[in-house]
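Secondary and tertiary structure notes
So you can see what is in the structure, the chains are spelled out below.
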Amino acid sequence: MKYDVAIIGAGPGGIFSAYEFVKKAPDLKVAVFEAGYPLEKRKCPIDGVNVKSCISCHTCAIMNGFGGAGAFSDGKYNITNDFGGTLYEYIGRDKAIELMNYVDEINMSHGGAGTKMYSTAGSEFKKLCMQNKLTLLDASVRHLGTDINYVVLENIYNELKDKVDFFFHRPVLSLEHSANTFKLVTKDGEFEAKQCIVSVGRSGSSWMENVCKELEIPTHSNRVDIGVRVELPAIIFEHLTSELYESKIVYQTEKFEDHVRTFCMNPHGAVVNENTNGIVTVNGHSYEDPEKHTDNTNFALLVSKHFSEPFKDSNGYGESIAKLSNMLGGGVIVQRFGDLERGRRSNEKRIAESTVRPTLAATPGDLSLVLPKRILDGIIEMIYALDKIAPGTANEDTLLYGVEVKFYNMEVELDNNLETRIPGLYIIGDGSGVTHSLSHASASGVFVANKIIDKLA
């Protein structure tokens, strides 16, 4: 079967590319290939009762399928160039912000209307952070919540499904190029396209690496973020989250001058498992619906590590740490901050007696046996620094879940159109190593779709 455009991956980048084609070039024949399932069939078997931990499904319903890994996230769209990727380095700062705002408009028109836009602009907390050796990054943040995010994706899919050919549970086994044509090989046959957009996300990092090797597309090593997810009473961060919702705070450690940052803050949210290529790590969700709120807030504390010579496999380094956690705890480990400071493991009795009730059934243990000392020292420093602007952060009963790892694809060598050295082959979203967020990935999809529309017009 032949198409004008083939999109590999139905995450945010792929979705917004398809949306642009439908809206601005409806005559183009477009296909989307996705390794996972449609949105309504994405069901994780973990129910907390019969199945309490990851059972390593063949296709992870949390990481793969329509909506990508962000489908069950808390739906935060950060409109900023200060974090979330380096898209602006390719398309310009103004264009990047313009496209992120355009994506926000689409989300609002597909079920997101009424959700709140937060902003750090003019915030008194910026000064408070500076007074305590912390840096609050600038951003406007649209919080959809996991529930509204699902509704938005559902509405967009319903608009696209009769105008784009979706092939679910159809991973592309190989991608070939010859004579201005791309051939996509799947388990159920071969497909051809004049233009190809690859948007496989972080879970497709190994696949992306193989494709780049086979097609001789240059790549560069990227970083990996390693750390823990902190869970504490929501009231401790209420003064921050009620005004900012998502506060991206950076701290430079005194001991090693490493940078530790907060990531993915979930007021009144829940801690969840995440499966990446069979490795169980930790993440967090939150909901717009007040009935789904918990008494806790959770957020990640991450330290970035980048390797060059002679070792370049940043993701491999992160995977080895996550595997060690899985080996010791059978999955995610949870530890009270007080136990970590005393150099002892947490046990079920101490967790049960904690004033902070865990929202994830993790294995009590000792994170010092998993995380490298330099990273753990930085996280402990950061907790005490945050305690100065949010007293209670360093309480003994604060829970730390580990490990949290953010894997980034190696950075693919692209031009300012996000096109590889092979004409007609575009790499977008987190799979490119260029974007690291919902807003940046979505914007990259819009950008590339319009470039292709102009080319084929």
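Use the structure listed above.
Because the structure is predicted, anything quoted here is derived from the model rather than measured.

**Comments concerning the environment of Ala 234**
With respect to the helices, strands and loops of the structure, Ala 234 is situated in the loop between β12 (224–233) and α7 (238–244). Overall, the relative accessible area of 2% leaves Ala 234 in the buried class. Put simply, Ala 234 and Trp 207 are 27 residues apart on the chain and 39 Å apart in space, counted from C-alpha to C-alpha. Once you skip the residues sitting within four places of it in the chain, Ala 234 turns out to touch His 268, Asp 295, Asn 296 and Thr 297.

**Notes on the sheet that holds strand β4 (residues 117–119)**
Taken in spatial order, the 3 strands make up an open sheet running β3-β6-β4, and their pairing is antiparallel. Looking at which strands have only one partner, the edges of the open sheet turn out to be β3 (76–79) and β4. In this sheet, neighbouring strand axes are inclined to one another by 25° on average, regardless of whether the strands run parallel or antiparallel. As paired elements, β3 and strand β6 (residues 140–143) share 4 bridges and run antiparallel to each other.

**Comments concerning helix α1 (residues 12–24)**
For α1, spanning 13 residues, the distance from its first C-alpha to its last is 18 Å, which sits close to the expected 18 Å at 1.5 Å a residue. Most of α1 sits out of view: 11 of its 13 residues are buried. When α1 is considered as a whole, its buried residues turn out to be Pro 12, Gly 13, Gly 14, Ile 15, Phe 16, Ser 17, Ala 18, Tyr 19, Glu 20, Phe 21 and Val 22.

**A few points about the packing of helix α3 (residues 93–112) against helix α5 (residues 145–160)**
In the contact formed by α3 and α5, the axes pass within 8 Å of each other and the chain directions differ by 95°. One way to sum up the angle between α3 and α5 is to call them roughly perpendicular. Here Ile 106, Asn 107, His 110, Gly 111 and Gly 112 of α3 lie close against α5, whose contacting residues are Ile 148, Val 151, Val 152, Asn 155, Ile 156 and Glu 159. For the contact of α3 with α5, the class distribution of residues is 5 nonpolar, 5 polar and 1 charged.

**So, the environment of Pro 233**
Tracing the backbone shows Pro 233 in strand β12. Judged by relative accessible area, Pro 233 falls into the partly exposed class, the value being 26%. Apart from residues lying up to four places away in sequence, Pro 233 is in contact with Asp 295, Asn 296, Thr 297 and Val 356.

**Section: the side chain of Arg 142**
Relative to the helices and strands, Arg 142 is located in strand β6. One polar contact links Arg 142 to Asp 104, side chain to side chain, over a distance of 2.9 Å. Excluding its chain neighbours within four sequence positions, the residues that come into contact with Arg 142 are Gly 75, Lys 76, Tyr 77, Asp 104, Met 108, Thr 115, Lys 116 and Met 117.

**Considerations on the side chain of Lys 76**
Along the chain, Lys 76 turns up in strand β3. Taking relative accessible area as the criterion, Lys 76 reaches 7% and is therefore assigned buried. At 2.3 Å, the side chain of Lys 76 forms a polar contact with the side chain of Asp 74. A distance of 2.9 Å separates a polar side-chain atom of Lys 76 from the backbone oxygen of Met 265.

**Considering the environment of Arg 170**
Mapping Arg 170 onto the fold places it in the loop between β7 (165–167) and β8 (172–178). Expressed as a C-alpha distance, the spacing of Arg 170 and Gly 189, which sit 19 residues apart in the sequence, is 9.9 Å. Setting aside residues no more than four positions away along its own chain, Arg 170 makes contact with Phe 33, Glu 34, Ala 35, Thr 186, Asp 188 and Phe 191. A distance of 3.0 Å separates a polar atom in the side chain of Arg 170 from a polar atom in the side chain of Asp 188.

**Digging into the nonpolar core**
Within the largest apolar cluster, 81 residues are counted, with the highest numbers of intra-cluster contacts made by Phe 21, Leu 175, Val 198 and Leu 425. Here Leu 175 is in contact with Ile 8, Phe 182, Lys 183, Leu 184, Cys 196, Val 198, Val 211, Leu 215 and Leu 425, once residues within four sequence places are set aside. Core analysis: the second largest hydrophobic core is formed by 44 residues, Ile 249, Ile 279, Ile 333 and Ile 379 among them.

**With respect to the packing of aromatic side chains**
Inspection of every chain in the model, using the stated rule, returns 15 aromatic pairs. Both rings, one in Phe 166 and one in Phe 168, keep their centres 5.6 Å apart while their planes meet at 0°; by these two values the pair is stacked. For the pair shown, Phe 166 and Phe 168 are each scored as buried. Taking 5.0 Å as the distance between ring centres and 45° as the angle between the ring planes, the aromatic pair formed by Phe 237 and Phe 299 counts as tilted. Of this pair, Phe 237 sits in the loop between β12 and α7 while Phe 299 sits in strand β17 (residues 296–305); the two residues are 62 residues apart in sequence, bridging distant segments of the chain. Here the two residues Phe 237 and Phe 299 agree in accessibility, since each one is buried. Aromatic ring contacts, followed pair by pair, group Tyr 3, Phe 33, Phe 167 and Phe 191 into a single cluster. Positioned above the aromatic ring of Tyr 3, the side-chain terminus of Lys 29 is 5.2 Å from the ring centre.

About the thresholds
Residues numbered from 1 in each chain as written. Predicted model: local features only at pLDDT ≥ 70, side-chain atom pairs only at ≥ 80, totals over all residues. Heavy atoms only, no water. Helix = DSSP H or I, 4+ residues; strand = E, 2+ residues; numbered from the N terminus. Buried < 20%, exposed > 50% of the residue type's maximum accessible area, 1.4 Å probe, protein only. Contact = heavy atoms within 4.5 Å. Pairing = 2+ DSSP bridges. Axes fitted to C-alpha atoms, helices over the stretch in contact; angles between N-to-C directions. Expected span 1.5 Å × (residues − 1). Parallel < 35°, antiparallel > 145°, perpendicular 65-115°, else oblique. Nonpolar A, V, L, I, M, F, W, Y, C, P; charged D, E, K, R; others polar. Polar contact = N/O pair within 3.5 Å; in protein donor to acceptor, adjacent residues only side chain to side chain. Core = buried A, V, L, I, M, F, W, Y, C linked by side-chain atoms within 4.5 Å. Phe/Tyr/Trp six-rings, centres within 6.5 Å; stacked < 30°, edge-to-face > 60°. Lys NZ or Arg CZ within 6 Å of the ring centre and 35° of its normal.

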